[in-house]
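Observations on chain architecture
Listed below, chain by chain, are the residues.
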Amino acid sequence: MSEKVVAILGATGVVGRQMSELLEEREYPVKELIPLASSRSAGKTMQFRGEEVAIREATPEAFEGVDVVLGAADDATAKRLLPEAVKRGATCVDNSHAFRLYDDVPLVIPEINAEDVKWHNGIISNPNCATIIGLLPVWPLHQVAGVTRLIVSTYQAASGAGMPGLTELQREMSLVAAGEDVGETAPFAYQLAANLIPQIGGFNEVGYTSEEMKMQNEGRKICHLPNLLVNCTCVRIPVMRSHSESITMEFERPIDPDTAREVLAKAPGIRVVDDPEALRYPMPLEASDQDLIYVGRIRRDLSAPEGVNGLTLFCCGDQIRKGAATNAVQIAELL
Ligand SMILES: NC(=O)c1ccc[n+]([C@@H]2O[C@H](COP(=O)([O-])OP(=O)(O)OC[C@H]3O[C@@H](n4cnc5c(N)ncnc54)[C@H](OP(=O)(O)O)[C@@H]3O)[C@@H](O)[C@H]2O)c1
């Protein structure tokens, strides 16, 4: 691969910082790294390959001469600035929700639909983090048995709400331990320490949140399954890092837990951790700071009606790495 000038839009956030670490770790051929953030961060520095690199304010002109942009900013910033980067000849891999459902923007999990990268027009979207973590184990089972329906409950870490979410949980945990009142809880609507919050995103007219609808809408696009049925409940929990999911799947054809375990053991991006007698199952602490999705608790859906082929599993994955930064760098490698 020839060396590239790489900009990270949102370089000071949890995803942006992880991206710069991954560019080093995966030895992506970076000719020059340009960290971009808001005017609040301009002038500060960050480390890249052992050197201090100046953080610049993200403006349209900042993308002159950039080959690849890794997007790790909010939706509005991505919408405002990434088309400017494309105009100046850059290819963008974006983590925000801004472009994910556009017809001319591929939405890619490399282990599932790497081929879709080929038809990009300058922007490729990285899917929602819970969607990446949930679909990785579903996809290989779908190849064998044909998935038709998913019932998902997510248990999502505080850092899914970015740096403000991470620092807020740390702050609340020390106050709760000291028996003190936590006061203001932004970016969360309620205290998260010693609690959980069954809402991520705003509600639609039928009572589902925007985060819950992503699993269906993005899942259909990524898997090329326009009729996939998904019922999802997303819950924020007081864990620092790594999302967990309970997933019940229905299939067109029979598939038993042993076959599912064998299929998943060979699937890219997955580690099967499934030995209940030895108390081995996926947990967020163990799944953190690495790129595999841990899958376990694989069992038959006892409640599936006669004739319905149902399986249930539990999975965990680091949503900052595979759910965001690693997936984006993998896409950049495909380019
Ligand atoms: N956190 C996750 O687990 C996760 C997972 C998947 C996808 N995502 C998505 O990835 C994106 C980044 O999330 P994050 O969690 O890393 O958020 P974050 O920690 O809050 O970081 C946000 C970044 O955006 C920058 N930014 C804010 N306003 C800006 C502006 N007006 N112009 C330029 N840069 C601006 C911030 O710079 P300053 O420091 O200067 O404010 C910071 O670098 C979001 O779209 C999020 O939905 C996050």
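Note that the structure is predicted; figures quoted are calculated from it, not measured. (Residues numbered from 1 in each chain as written. Predicted model: local features only at pLDDT ≥ 70, side-chain atom pairs only at ≥ 80, totals over all residues. Heavy atoms only, no water.)

Entries for the protein chain in the domain assignment read domain 1 (4-127 + 325-334) and domain 2 (131-319). Computed from C-alpha atoms alone, the centre-to-centre distance between domain 1 and domain 2 is 25 Å. Interface area for domain 1 against domain 2, summed over the two sides, is near 1,700 Å², with a carbon-plus-sulfur share of 67%. Among the residues of domain 1 in contact with domain 2, Val-14, Glu-111 and Ile-112 are the three that bury the most area, contributing 35% of the side total. The closest approach of N and O atoms between Glu-218 and Arg-100, which form a salt bridge, is 3.0 Å. Inspection of the domain 1/domain 2 interface yields seven residue pairs in polar contact (both at pLDDT 80 or more). When contributions to the side of domain 1 that touches domain 2 are tallied by element, the ones reaching two or more residues are helix 1 (14-25), helix 3 (110-113) and helix 9 (321-334). Taken together, the residues of the side of domain 1 that touches domain 2 break down into eight nonpolar, eight polar and five charged. (Domains from an automatic or database assignment. Buried area = accessible area lost by both parts, 1.4 Å probe. Salt bridge = Lys/Arg side-chain N within 4 Å of Asp/Glu carboxyl O. Polar contact = N/O pair within 3.5 Å; in protein donor to acceptor, adjacent residues only side chain to side chain. Helix = DSSP H or I, 4+ residues; strand = E, 2+ residues; numbered from the N terminus. Nonpolar A, V, L, I, M, F, W, Y, C, P; charged D, E, K, R; others polar.)

An order of 5-2-1-6-7-8 is seen for the six strands of this open sheet, with the pairing classed as parallel. Every interior strand has two partners, whereas the edge strands, strand 5 (56-57) and strand 8 (123-125), have only one. Where strand 1 (residues 4-9) and strand 6 (residues 68-71) come together, four bridges link them in parallel fashion. Directly across from Val-6, in strand 6, lies its bridge partner Val-68. The strands that helix 2 (residues 75-87) touches are strand 1, strand 6, strand 7 (91-94) and strand 8; relative to strand 7, the one it contacts most, it runs at about 155°. (Pairing = 2+ DSSP bridges. Contact = heavy atoms within 4.5 Å. Axes fitted to C-alpha atoms, helices over the stretch in contact; angles between N-to-C directions.)

The subject of this paragraph is the packing of aromatic side chains. One pass over the full model with this rule turns up two aromatic pairs. Geometrically, the ring pair formed by Phe-99 and Tyr-102 is edge-to-face, given 5.5 Å between the ring centres and 80° between the ring planes. Of the residues examined, Tyr-102 reaches a relative accessible area of 36% and is grouped as partly exposed. Taken together, a centroid distance of 5.9 Å and an interplanar angle of 55° make the contact between Tyr-155 and Phe-314 tilted. Separated by 159 residues along the polypeptide, Tyr-155 in strand 9 (residues 147-156) and Phe-314 in strand 14 (residues 309-317) bring together distant segments of the chain. (Phe/Tyr/Trp six-rings, centres within 6.5 Å; stacked < 30°, edge-to-face > 60°. Buried < 20%, exposed > 50% of the residue type's maximum accessible area, 1.4 Å probe, protein only.)

Looking now at the pairing of strand 7. Burial of the side chains of strand 7 extends over both faces: Thr-91 and Val-93 are buried on one face and Cys-92 and Asp-94 on the other. As paired elements, strand 6 and strand 7 share four bridges and run parallel to each other. Of the residues in strand 7, the one forming a bridge with Leu-70 is Val-93. In the classification by handedness, the crossover that spans strand 6, the intervening helix 2 and the parallel strand 7 is right-handed. (Right-handed = clockwise from strand over helix to strand, strands pointing away.)

What follows is about the site of the ligand. What surrounds the ligand is a group of 27 residues, the closest being Thr-12, Ser-38, Arg-40, Ser-41 and Ala-73. Within the complex, the protein chains bury 79% of what would otherwise be the 900 Å² of accessible surface of the ligand. Spatially, the ligand is embedded in the largest pocket. Mapped onto the shell around the ligand, the elements with two or more residues apiece are helix 1, helix 2, helix 5 (162-177) and helix 9. Tallying contributions element by element places helix 5 first for the shell around the ligand, with three residues. Within the shell around the ligand, the residues separate by chemical class into eleven nonpolar, 13 polar and three charged. Per-domain counts for the shell around the ligand show at least three residues from each of domain 1 (4-127 + 325-334) and domain 2 (131-319). (Near = heavy atom within 4 Å. Areas by Shrake-Rupley, 256 points an atom, 1.4 Å probe, with all protein chains shown as cover. 1 Å grid on protein atoms, 1.4 Å probe; cavity = no way out; pocket = protein on both sides within 12 Å on 5 of 7 lines; lining within 4 Å. Sits in = over half its atoms within 2 Å of the grid points.)

Counted according to the given criterion, the structure contains 19 salt bridges. The partner of Arg-321 in a salt bridge is Glu-25, and the shortest N-O contact between them spans 2.7 Å. Highlighted residues: Arg-321 in helix 9 and Glu-25 in helix 1, separated in sequence by 296 residues. For Glu-25, a relative accessible area of 47% puts it in the partly exposed group. Ionic pairing is found between Asp-258 and Arg-261, a salt bridge with its closest N-O pair at 2.8 Å.

Approximately 1,000 Å³ is the volume found for the largest pocket. Considering the residues around the largest pocket, the lining is formed by 44 residues, among which Val-15, Ala-72, Ala-73, Asp-74 and Gly-162 are closest to the centre. For the lining of the largest pocket, the secondary structure elements donating two or more residues are helix 1, helix 2, helix 5, helix 6 (210-223) and helix 9. It is helix 2 that provides the largest number of residues to the lining of the largest pocket, a total of four residues. Looking at side-chain class alone, the lining of the largest pocket contains 16 nonpolar, 19 polar and nine charged residues. Taken domain by domain, the makeup of the lining of the largest pocket includes at least three residues from each of domain 1 (4-127 + 325-334) and domain 2 (131-319). Volume-wise, the second largest pocket comes out at about 210 Å³. The wall of the second largest pocket is formed by Gly-160, Ala-161, Pro-187, Phe-188, Ala-189, Ile-197, Gln-199, Ile-200, Gly-201 and Arg-236. Of the residues in the lining of the second largest pocket, the class split is six nonpolar, three polar and one charged. (Points joined across faces, edges and corners; volume = space filled by probe spheres on them.)

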